[in-house]
Amino acid sequence: MMEILESGNLRVKLGQRTVTVVVKRDPDADEALIVALDSIEEWDDGEPVTMPELQRLLAIIERECEARGIEVEFD
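Residues numbered from 1 in each chain as written. Predicted model: local features only at pLDDT ≥ 70, side-chain atom pairs only at ≥ 80, totals over all residues. Heavy atoms only, no water.

A. Seen up close, the overall build of the protein chain. In terms of regular secondary structure, the protein chain is built from one helix and six strands. For the protein chain, the α and β elements follow one another from N to C terminus as β-β-β-β-β-α-β. For a compact globule of 75 residues, the expected C-alpha radius of gyration is about 11 Å, and the protein chain comes in at 12 Å, within 12% of that figure. Reported as C-alpha extents along the three principal axes, the dimensions of the protein chain are approximately 35 × 20 × 20 Å. Burial analysis of the protein chain (75 residues in total) assigns 39% to the buried set. Carbon and sulfur atoms provide 46% of the accessible area of the protein chain, an area that totals close to 4,800 Å². Distance between charge centres in the protein chain, computed from 8 positive and 19 negative side chains, equals 7 Å. (Helix = DSSP H or I, 4+ residues; strand = E, 2+ residues; numbered from the N terminus. Rg over C-alpha atoms; globule rule 2.2 N^0.38 Å. Buried < 20%, exposed > 50% of the residue type's maximum accessible area, 1.4 Å probe, protein only. Areas by Shrake-Rupley, 256 points an atom, 1.4 Å probe, with all protein chains shown as cover. Lys, Arg positive; Asp, Glu negative; His and termini not counted. Charge placed at Lys NZ, Arg CZ, Asp CG, Glu CD.)

B. Seen up close, the nonpolar core. Core analysis: the largest hydrophobic core is formed by 19 residues, its most contacted members being Leu10, Val12, Val21, Ile40, Leu57 and Ile61. Looking at this core, the elements that each hand over two or more residues are strand E2 (10-14), strand E3 (17-21), strand E5 (33-35) and helix H1 (51-68). In terms of residues, this core owes the most to one element, H1, which gives five residues. Leave out the neighbours within four places in its chain, and Val12 touches Met1, Met2, Arg17, Thr18, Val19, Val21, Leu57, Ile60 and Ile61. (Core = buried A, V, L, I, M, F, W, Y, C linked by side-chain atoms within 4.5 Å. Contact = heavy atoms within 4.5 Å.)

C. A look at the pairing of E3. Bridge analysis of E2 against E3 gives five bridges, and the strand direction is antiparallel. Looking at the pairing, Lys13 lines up with Thr18 of E3. As consecutive antiparallel partners, E2 and E3 are separated by two residues, and within that stretch Gly15 has a phi angle of approximately 65°, a positive value. (Pairing = 2+ DSSP bridges.)

In structure tokens form, the structure reads like this:
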């Protein structure tokens, strides 16, 4: 599950855990988001995100953005 916060960042839920993901808008594309990968190093509770969890989170972000018609890039 993914929620777009008022700040423009994303809150992504995987199981019972959540992570707040920093995004920037692409100035050349109105609906494009640029996800800051280094913002996905820790869960909101401070525990580290493992590589398998990161892969699942990225898949969720891609799927949710696609469903909303939002182009997403990872940086």
